[in-house]
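Here's the letter readout for the chains.
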Amino acid sequence: MALHVYFCVSPCIVFVHHVRSEQVRMLDRFSNKSTSGTLHLTATHLIFVESNAAVTTAAQEIWILHHHIASVEKLSLTTNGCPLVIQCRNFRVVHFVVQKERDCHDIYSSLLRLLRPVSYEELYAFSYNPKQNDQQREEGWQLIDLGAEFERMGVPCDQWQLTDVNRDYKICDTYPRDLYVPITASKPIIVGSSKFRSKGRFPVLTYFYQEKKAAVCRCSQPLSGFSARCLEDESMLQAISKANHNSRFVYVMDTRPKLNAMANRAAGKGYENEDNYSNIRFQFVGIENIHVMRSSLQKLLEVVGSRSLSASDYLLGLESSGWLRHVKAVVDAAICLTKAVTVEGASVLVHCSDGWDRTAQVCSLGALLMDPYYRTIKGFMVLIEKDWISFGHKFADRCDQLDGDPKEVSPVFTQFLDCVWQLTEQFPQAFEFSEWLLLQIHEHVHSCQYGNLLANNQRQREELQLKDRTHSLWAFLLSEQQNYVNPAYCPGHAETHPVLEPSTLPCHFKFWRNMYLQFDRSMHPRQSILKNVLTLKENNRQLEDTVKELEARLKEHGISPPTLVPQAPYRGHRCFPTRPHSLILVAPLSQKEAQQRQEEEEEEEEEEVGEEATECCIDTERTVEGSSGTERKESYGDLQETYGAKAEPAVVSLEFGVARMTC
Amino acid sequence: MEFSEHIKTANVEDVVLRRPFYQPTKGTLCVTGHHLIFSNRGGDSARPFLLLLRNIDAIEKSVENLPSVSSGTITLKCKDLCVLQLDIPGMEECLNIASSIESLSSLETVSEMYPFFYRPPFLSLQDQWGLSSTEQHYAQMKEIHDGWRVSQVNRDYSVSPSYPPAVIVPHSIDDETLVKAARFRQGGRFPVLCYYHRETGTVIMRSSQPLSGANRKRCREDELLLQAVIDGSELGYIIDTRSSQQAQQARMTGGGFESKSCYRGWKRLHRQLEKGKVLQESLIKLVEACGDQSHSVDRWLSKLENSKWLSHVQTALSTAGLVAECVERDGHSVLVHGSEGTDTSLLVSSLAQLILDPDSRTLAGFLGLLEREWVQAGHPFQQRCAHSAYSHVRLRHEAPVFVLLLDCVWQLARQFPLAMGFSEPLLLRLAKEVYASDYGTFLCNSDQERCVTGVKERTHCLFQSLLRANERQHYSNPLYERTELAIWPSIQPPSLQWTCAFSPIQWPFDMC
């Protein structure tokens, strides 16, 4: 494949020297299969193009955005070449074997240089140009409007008002400019309270449950130490309490484990003392901190990434990683919040340490349970915009967007998406979006291709002039929202079940294979119900259009159309609606790349039944040789298009430990 | 045969029934020979709640006898894993009811069981019992008529008590040879055909273990039979569902394996599949894990692991995949056996057929497969399914091999949601029917017993009932799209899923 193809993709590539290495093999990490091809390194992507593809099918290509690469590792030289292992933040793991050691070193060192952007301007979003004019770009940014969102909730109202104290980010530079507080909370109270809260993050409204006039507020931990108090802060909570006539008290949910909160007291921080605050009910929820979550996911990935995993090791690994336990803890906390608000009609104040990780998780998940609007595609974007982006979840630090402190990195947002996925599994009809939307959002949190999820807070975003210099992810996602529709969504569900009550039985918390193993095709179902139903729906729509057209033409000729007998829908495979490029989303592409990609789309077929820890027979009669999974020219149902025939690489795989006699 | 002997109190008023997903309701409880009937007086339109006594796995009772209150509570744990509770006023009534249930639910006489009394209006006893016979099945497969024939050697069940009267064997092997080969196989289960692969012309056979014993006995006829299977081809595989140690040990008790020197061209592979008590205990632990009330993910995962159920699923699928791979990819015939050839062999051979054969993935095809490979092939249903996961009775021959099959099929269906003509409700229904049923299909341990007890004349066949138009619609997969290809499952643990179907309190996911 000619190199100039990639140069037209993005003009910025021109100034970077281009590394190219031929005769590279890419190994599948769960089988002994491999693909050989050429590796290209451009300014934005690492591209692997398969060579020697069969004539009938296009070559497989893998595009890896540099921002997605979490680590590059050069393993020791083998007889086949120099192995290079690349781990990506979207959980892709690729294993290349580069024949020439010098090539490998070139790629390795270039990647290391490209890997760690130090300033925001180096990020892809600033060079990414989807061929939109400024007006379109501006309109894209206006699609989500938080002012309108608070209005939808019924705020401002007689008890809650918009305050301008943070207009210039003077009170709290990690909060947005527009904040909603109880009408009785005067400016001195706000200022005083903010001084008593870590990072100045005083209690503000994040969700208003109109039906019971109950509020969900959020803040950071109080600087109470062992005995300090703050009258303004106490008045602030009093004001929140007074704004709700349903309940005499406010729940204060400290989302940390009690031990962590107590340890914070020694550092002059801590939690609210029930004796000092009138009318509060204080409660710990026990979600672990970012460091625990980071190592938990790390362990999980190690477990599911290991070859020849036995069922026992898998389950024990799932358990010891603790990931599902943590996911459940977040869901449990959200359920607790939801119950307090919707059943008791009480207002709840949620905080953790700084109020931008666990607090964001619990508040947004709680709102998702309480309000059907957030279960729509647009509503979900609004929710993320509100609870995560505007309230200052540190996306740049947590997602490692810039070269920074590795201790600040943590999969808090990923975990939130995981929790949402668990809910979509429990309530298949309640959500307008499918898991593709969650995967796509996750993809772009790390791709740094759009401005929304860059930087740590609104103030930084304004300083970077992101709205003028980058594009909005929401606009892009909304423009192709038909791809993210959940075909089982039933809008009537919201009326019958306005508040979701998820099961907390542990067997309902599952490992999200499509997230953490999304690029390991051999692990996935070979047929997708989601894709199939979307195709059927699209076919149906087209057929209805055709019927209308034909009826119109009949009328033109003065013939009244006959009544139709419903027939089985056409099930052709060539009429896919536009949809994400593969079952599991591929790396983000520009429009042009996408076109090119569409033409060349091609996935390797996986046919193995998996690696086998062969139960060796000890007697001499055993016949265990290698059997290579033969590729086939056809495949199953809807994967027909993406799976193609391909010559089998000359590598021996040990499936079932069965002899392959014919070679 | 007097059921009334066991019924001390037939009717109790004001009983409160508690069951999952339903509000507790008050009504009248009635015990009959085969059922518990609970009717809600108030609800005129509501149908009475009917529970087959046969479905009850364990019964627990507690009574309170004070001057002011005299009442009792009966907890019924069913074989379909449902748990019910009955609050009965009056201690004596409660104890009477409990003892009636205990004795009636453990009746062992086949001809007294409910299927012999069940007479639905939509089925007639005049019809053929079952979907197909060996002869009909053979007649449909024109392509095997050259090399294979139907043998009636077992017409009086004398050659193998657990085989059906007719089996399919190589054309070149006469009945006399079969009789001799049968003597060399446990239970007389000589190798018979269960699947013919059209593209490669290779077959899957199954049998029981050869009785080579400690002094390595040989049987010329058995060798001839297997030789005839791979006639012309140089190689065949024997998949032994025991570990090679187990196979070696089996020789001490008269069993054994096919040694290489005697069976030229046959290669043996061992793959250990658990069965019997180990499997039953696995199910018990699994159900216990599902019912764990601690709501702790860690406990759940560790209990799930401890049950080893998913490992059994994984091994079964991978062994079936191995068989299918030998046949389809390598083009060699396969003989599957364990020891008796009535449990894991059937599991593996039927799963392999599902992987390979599109015909067995339709609703009718799947039921036909179950009939051939389980009912006719002599899986001892009555012994294996006498008790389920709650029973405190000492285990004898119980083993949820069939339930394991259903789980494996479910895993296949999850990985190929369009390839199966039937749906998950069918698998759940079968799991329930196999333990307690209105139909005679899963009664008895073999075809012979079914003939002797008159099951085929006096009961109805479940499979026929499931294929009636309205049932068929309910159990069909709306997304079904036939694929002619083999469906190779992934057996990587992250590809396997746990189902909450084993939970006594299944959460009602919003089903509207």
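Quick notes on the rules
- Residues numbered from 1 in each chain as written.
- Chains lettered and ligands numbered in written order.
- Predicted model: local features only at pLDDT ≥ 70, side-chain atom pairs only at ≥ 80, totals over all residues.
- Heavy atoms only, no water.
- UniProt positions renumbered as here; feature names shortened; annotations may be inferred.
- Helix = DSSP H or I, 4+ residues; strand = E, 2+ residues; numbered from the N terminus.
- Buried < 20%, exposed > 50% of the residue type's maximum accessible area, 1.4 Å probe, protein only.
- Contact = heavy atoms within 4.5 Å.
- Areas by Shrake-Rupley, 256 points an atom, 1.4 Å probe, with all protein chains shown as cover.
- Core = buried A, V, L, I, M, F, W, Y, C linked by side-chain atoms within 4.5 Å.
- Domains from an automatic or database assignment.
- Axes fitted to C-alpha atoms, helices over the stretch in contact; angles between N-to-C directions.
- Parallel < 35°, antiparallel > 145°, perpendicular 65-115°, else oblique.
- Left-handed = near helix turned anticlockwise from the far one by under 90°.
- Nonpolar A, V, L, I, M, F, W, Y, C, P; charged D, E, K, R; others polar.
- Pairing = 2+ DSSP bridges.
- Buried area = accessible area lost by both parts, 1.4 Å probe.
- Salt bridge = Lys/Arg side-chain N within 4 Å of Asp/Glu carboxyl O.
- Polar contact = N/O pair within 3.5 Å; in protein donor to acceptor, adjacent residues only side chain to side chain.
- 1 Å grid on protein atoms, 1.4 Å probe; cavity = no way out; pocket = protein on both sides within 12 Å on 5 of 7 lines; lining within 4 Å.
- Points joined across faces, edges and corners; volume = space filled by probe spheres on them.
- Lys, Arg positive; Asp, Glu negative; His and termini not counted.

Naming follows an unreviewed UniProt entry, where chain B appears as Myotubularin phosphatase domain-containing protein of Esox lucius. Reading the Sequence similarities (unreviewed entry) entry of the UniProt record for chain B gives the comment "Belongs to the protein-tyrosine phosphatase family. Non-receptor class myotubularin subfamily."

You'll find chain A entered in an unreviewed UniProt entry as Myotubularin phosphatase domain-containing protein, with Esox lucius given as the organism. Looking at chain A in UniProt, the text filed under Sequence similarities (unreviewed entry) is "Belongs to the protein-tyrosine phosphatase family. Non-receptor class myotubularin subfamily."

Participant: In this structure, what is going on with the overall build of chain A? I would like to understand it.
Facilitator: Scanning chain A from terminus to terminus reveals 22 helices and 14 strands. A buried classification covers 61% of the 663 residues belonging to chain A. Residue pairs at least 24 apart in sequence account for 73% of intrachain contacts in chain A once pairs closer than 6 positions are excluded. Taken as a whole, chain A presents about 26200 Å² of accessible surface, with 51% of it coming from carbon and sulfur.

Participant: Help me out: how do you make sense of the nonpolar core in this one?
Facilitator: For soluble globular proteins, nonpolar side chains are generally found buried alongside one another. Ranked by internal contacts, the top residues of the largest apolar core, which has 236 residues, are F380 of chain A together with L351 and L430 of chain B. Both domains that meet at this core, namely domain 1 (4-106) and domain 2 (134-500) of chain B, each give it at least three residues. Beyond its immediate chain neighbours, meaning those up to four positions away, L351 of chain B contacts A316, L317, A320, L405, C408, V409 and L412 of chain B. I7, I74, L84 and C94 of chain B belong to the second largest nonpolar core, which has 26 residues in total.

Participant: How do you make sense of the packing of helix 4 (residues 146-153) of chain A against helix 12 (residues 377-390) of chain A when you look at a structure like this?
Facilitator: For any two helices packed against each other, the geometry comes down to the angle between their axes and how far apart the axes lie. All names here are of chain A. At a closest axis distance of 10 Å, the pairing of helix 4 and helix 12 adopts a crossing angle of 110°. One element, helix 4, and the other, helix 12, form an angle in the roughly perpendicular class. Seen from above, helix 4 lies across helix 12 with left-handed handedness. Judged by residue contacts, L146, E149, F150 and M153 of helix 4 engage V382, E385, K386 and S390 from helix 12. Among the residues making up the contact of helix 4 with helix 12, the classes are represented as four nonpolar, one polar and three charged.

Participant: Help me understand the sheet that holds strand 13 (residues 266-270) of chain B in this model?
Facilitator: Residue and element names in this part refer to chain B. Spatially, five strands are ordered 10-11-14-12-13 in an open sheet, and the strand pairing comes out mixed. The sheet is open, and its two borders are formed by strand 10 (192-197) and strand 13, each paired with just one other strand. Here the average twist between neighbouring strands, direction ignored, is 20°. With five bridges connecting them, strand 10 and strand 11 (residues 202-206) associate as antiparallel partners. Within strand 11, the position partnered with Y195 by the bridge is I204.

Participant: Explanation requested: the domain arrangement of chain B in the structure shown.
Facilitator: Residues and elements named next belong to chain B. The assigned domain composition of chain B is domain 1 (4-106) and domain 2 (134-500). Placing a centre on the C-alpha atoms of domain 1 and another on those of domain 2 gives a separation of 38 Å. Between domain 1 and domain 2, the residue contacts involve 13 residues of the former and 13 residues of the latter. Between domain 1 and domain 2, the buried area comes to about 1100 Å², and carbon and sulfur atoms account for 57% of it. A per-residue breakdown of the area domain 1 buries against domain 2 is headed by D57, K79 and L81, which together make up 46% of the total. Counting every contact that joins domain 1 to domain 2 gives one salt bridge. D80 is the salt-bridge partner of K432, the closest N and O atoms lying 2.6 Å from each other. Our enumeration of links across domain 1 and domain 2 arrives at nine residue pairs in polar contact (both at pLDDT 80 or more). The set of elements that each furnish at least two residues to the side of domain 1 that touches domain 2 consists of strand 5 (56-65) and strand 6 (70-78).

Participant: Any chance you could explain the UniProt feature "binding site: substrate" (unreviewed entry) in chain A here in plain terms?
Facilitator: All names here are of chain A. On the UniProt side, "binding site: substrate" (unreviewed entry) is annotated at positions that read N289, I290, C352, S353, D354, G355, W356, D357 and R358 here. Taken along the chain, the residues just named run across 70 residues; in space they keep tight, none of their C-alpha pairs more than 12.2 Å apart. For I290, the location among the structural elements is in helix 8 (residues 290-304). For I290, a relative accessible area of 12% translates into the label buried. Once residues lying within four places of it in the same chain are set aside, the contact partners of I290 are D357, R398, K407, E408, S410 and V412. By secondary structure assignment, the location of W356 is in the loop between strand 14 (347-351) and helix 11 (358-370). Owing to a relative accessible area of 4%, W356 belongs among the buried residues under this scheme.

Participant: Hey, could you run me through empty space enclosed by the protein in this one?
Facilitator: Gaps left between atoms are located by rolling a probe of water-molecule size over the structure's atoms. Residues and elements named next belong to chain B. Under the defined criterion, the tally for this structure stands at seven cavities of 30 Å³ or more. The computed volume of the second largest cavity comes to approximately 270 Å³. For the lining of the second largest cavity, the secondary structure elements donating two or more residues are helix 1 (91-105) and helix 11 (381-384). When residues are assigned to domains, the lining of the second largest cavity turns out to be shared by domain 1 (4-106) and domain 2 (134-500), each giving three or more.

Participant: Teacher, can you tell me more about the UniProt feature "coiled-coil region" (unreviewed entry) in chain A here?
Facilitator: If you check UniProt for "coiled-coil region" (unreviewed entry), the listed places come out as residues 526-560 of chain A in our numbering. Secondary structure across residues 526-560 of chain A comprises 80% helix and 0% strand; the distance between its end C-alpha atoms is 46 Å.

Participant: Sorry if this is basic, but what is going on with the side chain of E432 of chain A here?
Facilitator: Residue and element names in this part refer to chain A. Note on placement: E432 falls in the loop between helix 14 (412-426) and helix 15 (435-447). This buried residue, E432, is left without a salt bridge; K537 holds the nearest opposite charge, at 10 Å. Of the polar contacts made by the side chain of E432, one reaches the backbone nitrogen of I377; its length is 2.8 Å. In this structure, E432 is in contact with R375, T376, I377, Q481, Y484, V485, N486 and Y489, ignoring residues within four places of it in sequence.

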